[in-house]
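Below, each chain spelled out in residue letters.
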Protein chains: 2
Amino acid sequence: MLEKYVNEFPEWLNAKGKFADIAVSTRIRLARNIKDIPFAYWASMRDLKRTTDMITSCIENIDMLKNSDIITINELSNVEKQFLVERHLISPELPSSKFGSVVISEKEMISIMINEEDHLRIQVLSSGFNLFDTWKILSSLDDKLSFNLPYAYSFNFGYLTSCPTNVGTGLRASVMLHIPGLSLANKIEKLLPALSKLGMVSRGFYGEKSESFGDLFQVSNQITLGKREEELIEELQKTVSQIISYEQEERELLKKHGSFQLEDRFKRAYALLLNAKVIPSKEAIELLSVVRLGILLDLLPPTPLERLNRLLIIIQPAHLQMVVGKPSGPDKRDIVRAELIHKEFL
Amino acid sequence: MLEKYVNEFPEWLNAKGKFADIAVSTRIRLARNIKDIPFAYWASMRDLKRTTDMITSCIENIDMLKNSDIITINELSNVEKQFLVERHLISPELPSSKFGSVVISEKEMISIMINEEDHLRIQVLSSGFNLFDTWKILSSLDDKLSFNLPYAYSFNFGYLTSCPTNVGTGLRASVMLHIPGLSLANKIEKLLPALSKLGMVSRGFYGEKSESFGDLFQVSNQITLGKREEELIEELQKTVSQIISYEQEERELLKKHGSFQLEDRFKRAYALLLNAKVIPSKEAIELLSVVRLGILLDLLPPTPLERLNRLLIIIQPAHLQMVVGKPSGPDKRDIVRAELIHKEFL
């Protein structure tokens, strides 16, 4: 059912955005609910179907969502569900919904989850560090949806959501940062607590609960209430700009004081990626992180950044399984992963 | 002083001997002392000099030792002393002697340590699994020396030696085995205790007290008393033949059931050896061990075995320092080691 996505390249991974050497992608999502229909956890099947119908019927009239796919999660295989999670198009929780769906726009820029925790989770993804443009698109989409959908809204609290942490703006904005320079300088442990003082939070590459590896950190706002959307985004903009400039400084230092030890690190990681016959997922991401920095510091052969971004996604288990075409154990996947990586670097 | 040795290739590393894919080299040594001169530990400087003179003066008349070098250890720098130890030409203990020397024959086949624990330690080294030929050479050399040197000998005990463990024949024969097949099959832990029941002992690549790594085990006789030389050698011959056939079996199994995991192991080690910019000594030996097996199983590009043997020797610290030409810390050596390995594999 999702065959077309296997060979498609999501636009937000094309590395054409600002500071794409450090900021992989920007994502903003809004949580919205429809007035007078119970929130998804308490809704009956009839309620959920009604929500779905209301949302999908108004989508056709919105230009940005032309040619979107509307996918009913229950109709997917487990691998396909996992594929969409790995692709950042749905949350790991959506498959637990009694009647969840997702609307995916062309080039995977927009996804709307229906009947996850909230009736709607509207997400816009874009390449690089691109909060304002991404917000512009999302805000305009939200306006268009609100013409047709009566949102649950309180003048005191703002948008009402299933979980109180989202009440208010219902907005979560995040930037996926690759900061191996700060990691090499052992400055991550100081950075993360500082973020939480600023009302920000950092997560791993794979969403809410995942630990972080491969020096990939998704920095987002923690607070959604009591501030305007633009304020939240402005604050995140400032914080991320600061982190990017710290990372740039570290990279400059590495360039200036380059050592055999550093070059050794890069050369080894590159050699392993190109020669291993079996690579577990976590190791692949760690090696890709090292190699990415090595390439950006001109200590490894040039490779387009978009290809490295693509690898971060396609080496994941469900992606590999979709490529292989049939169910396969982790051992087989580790072999296919290695072959796939060799191909990408050829 | 030892410049000529840096570029020389010891004959015993040429991989031309029998079973050279498993047996790197064979070594036999005899401990001998001169009658009526105190054993080396109790000898005065005058005694030690007299011993040295007696030995070196009779060497000139022995064909096998024509063109030998006679090297006084005290005249060497610390690096040069260590170089000879790494080269298996002297023991780590000889430099502690008040007046030690070593006679080294052409192509490093024979070495005679003077005033180590015993007045003479006569050693013959040869390629592969070659106990009988090696013994023939050593025995003939010992005969020739005994014409001119009055050996300390007791009809009850045999040859008298400084340490009681060598009394009798004064013979220690050993074969350096590379047994990564048995190691992969986790059979080393069973093998080693079985050896000691047979009166054999196993040591690492670098002599008496060294731990073993790189799957290199030097198997030798423990007992020197109560048996004839030929019996001791015959027993070692049997034991080593057995170990070689076990190793061959394991390698056949690996060939037959070759897996991606196995190939992965080889490809990774090879990639690291060829690409690392910094390689510590121990890691280099471990990687070389894996690569050697991979080459022998035709899972890596062919490389002459003698070049792999040579690497085992020349990657050691003093060897590297002799190549660099000036004193250098371990960091610098790890860099030079990496460069040297790349060159050997080109």
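Rules of the game
Residues numbered from 1 in each chain as written. Chains lettered and ligands numbered in written order. Predicted model: local features only at pLDDT ≥ 70, side-chain atom pairs only at ≥ 80, totals over all residues. Heavy atoms only, no water. pLDDT = per-residue confidence, 0-100. Core = buried A, V, L, I, M, F, W, Y, C linked by side-chain atoms within 4.5 Å. Buried < 20%, exposed > 50% of the residue type's maximum accessible area, 1.4 Å probe, protein only. Helix = DSSP H or I, 4+ residues; strand = E, 2+ residues; numbered from the N terminus. Contact = heavy atoms within 4.5 Å. Least-squares fit on C-alpha atoms with pLDDT ≥ 70 in both. Domains from an automatic or database assignment. Buried area = accessible area lost by both parts, 1.4 Å probe. Polar contact = N/O pair within 3.5 Å; in protein donor to acceptor, adjacent residues only side chain to side chain. Nonpolar A, V, L, I, M, F, W, Y, C, P; charged D, E, K, R; others polar. Salt bridge = Lys/Arg side-chain N within 4 Å of Asp/Glu carboxyl O. Pairing = 2+ DSSP bridges. Axes fitted to C-alpha atoms, helices over the stretch in contact; angles between N-to-C directions. Parallel < 35°, antiparallel > 145°, perpendicular 65-115°, else oblique. Left-handed = near helix turned anticlockwise from the far one by under 90°.

Asker: Looking at this structure, I do not really get the confidence of the model for chain A. What am I missing?
Answerer: Low-pLDDT stretches of the model should not have their predicted coordinates read in fine detail. Averaged over every residue, the pLDDT of chain A is 92; residues scoring 70 or more account for 98%. For this predicted complex, the interface score ipTM comes out at 0.84, alongside a pTM of 0.88.

Asker: What exactly am I supposed to notice about the nonpolar core here?
Answerer: Within soluble globular proteins, side chains that are nonpolar generally end up buried alongside one another. Formed by 84 residues in total, the largest nonpolar core has its most connected members in A:Phe345 and B:Phe345. When contributions to this core are tallied by element, the ones reaching two or more residues are helix 8 (260–275), helix 9 (281–296), helix 10 (305–314) and helix 12 (330–345) of chain A together with helix 8 (260–275), helix 9 (281–296), helix 10 (305–314) and helix 12 (330–345) of chain B. Discounting residues that sit within four places of it in the chain, A:Phe345 has contacts with A:Tyr270, A:Leu273, A:Leu274, A:Leu288, A:Val291, A:Ile295, A:Thr303, A:Leu308 and A:Leu311.

Asker: Before we go on, may I ask you to explain the relation of the copies chain B and chain A in this structure?
Answerer: What connects the two chain copies is a rotation about an axis and a shift along it. When chain B is brought onto chain A, the operation consists of a screw motion whose angular component is 180° and whose axial shift is 0.0 Å, with 0.0 Å RMSD remaining. When the rotation and shift are considered jointly, the pair of chain copies conforms to a two-fold rotation axis. In terms of proximity to the rotation axis, the leading residue of chain B is B:Ala271, whose C-alpha is 2.7 Å off the axis. When the interface residues of chain B are mapped onto chain A, 100% of them again lie at the interface, so the same face is used by both copies.

Asker: How do you make sense of the domain arrangement of chain A when you look at a structure like this?
Answerer: Think of interface size as the accessible area that goes away when the parts come together; that is how it is often given. Residues and elements named next belong to chain A. Taken as a whole, chain A is organised into domain 1 (3–250) and domain 2 (260–345). Each of domain 1 and domain 2 has a C-alpha centre, and these two points are 26 Å apart. Across the contact, 29 residues belong to domain 1 and 22 residues belong to domain 2. Both faces combined, the contact of domain 1 with domain 2 buries some 2400 Å², and carbon together with sulfur accounts for 68% of it. Linking domain 1 with domain 2 are 10 residue pairs in polar contact (both at pLDDT 80 or more), by the criterion used here. Elements represented by at least two residues in the side of domain 1 that touches domain 2 include exactly helix 3 (78–86) and helix 5 (180–184). Here the side of domain 1 that touches domain 2 gets five residues from one element, more than from any other, and that element is helix 3. Split by residue class, the side of domain 1 that touches domain 2 holds 15 nonpolar, six polar and eight charged.

Asker: Help me understand the side chain of B:Ser101, please; the structure alone is not making it clear to me.
Answerer: Residues and elements named next belong to chain B. Within the fold, Ser101 resides in strand 3 (residues 101–104). Take Ser101: its relative accessible area is 1%, and that puts it in the buried class. Contact partners of Ser101, with chain neighbours within four places excluded, come to Thr52, Ile71, Thr72, Ile73, Leu94, Ile112, Met113 and Ile114.

Asker: Honestly, the interface of chain B and chain A in this entry has me stumped. Any pointers?
Answerer: Taken together, the contact pairs 17 residues of chain B with 17 residues of chain A. Here chain B and chain A share an interface that buries about 1600 Å² over both sides, 63% of which is from carbon and sulfur atoms. Where chain B meets chain A, there are four salt bridges. Measuring nitrogen to oxygen at the nearest pair gives 2.7 Å for the salt bridge that ties B:Arg268 to A:Glu283. Inspection of the region where chain B meets chain A yields eight residue pairs in polar contact (both at pLDDT 80 or more).

Asker: Explain the sheet that holds strand 1 (residues 23–32) of chain B to me, please; I cannot follow it from the model alone.
Answerer: Residue and element names in this part refer to chain B. Strand order in the open sheet made by the eight strands is 2-3-4-5-1-8-10-9, with antiparallel pairing throughout. Both edges of this open sheet fall to strand 2 (69–72) and strand 9 (200–203), since each of them pairs with a single strand only. Along the sheet, successive strands turn relative to each other by an average axial angle of 20°, direction set aside. For strand 2 and strand 3, the ladder comprises four bridges, and the chain directions are antiparallel.

Asker: Please explain the packing of helix 8 of chain B against helix 9 of chain B as it appears in this structure.
Answerer: Each packed pair of helices is defined by two parameters, the angle between the axes and the distance between the axes. Residues and elements named next belong to chain B. For the pair helix 8 and helix 9, interaxial distance at closest approach is 9 Å and the crossing angle is 130°. By the angle class used here, helix 8 and helix 9 are oblique. Between helix 8 and helix 9 the crossing geometry is left-handed. Contacts between helix 8 and helix 9 pair Arg265, Phe266, Ala269, Tyr270, Leu272 and Leu273 from the former with Ala284, Leu287, Leu288, Val290, Val291, Leu293 and Gly294 from the latter. Considering only residue class, the contact of helix 8 with helix 9 consists of 11 nonpolar, one polar and one charged.

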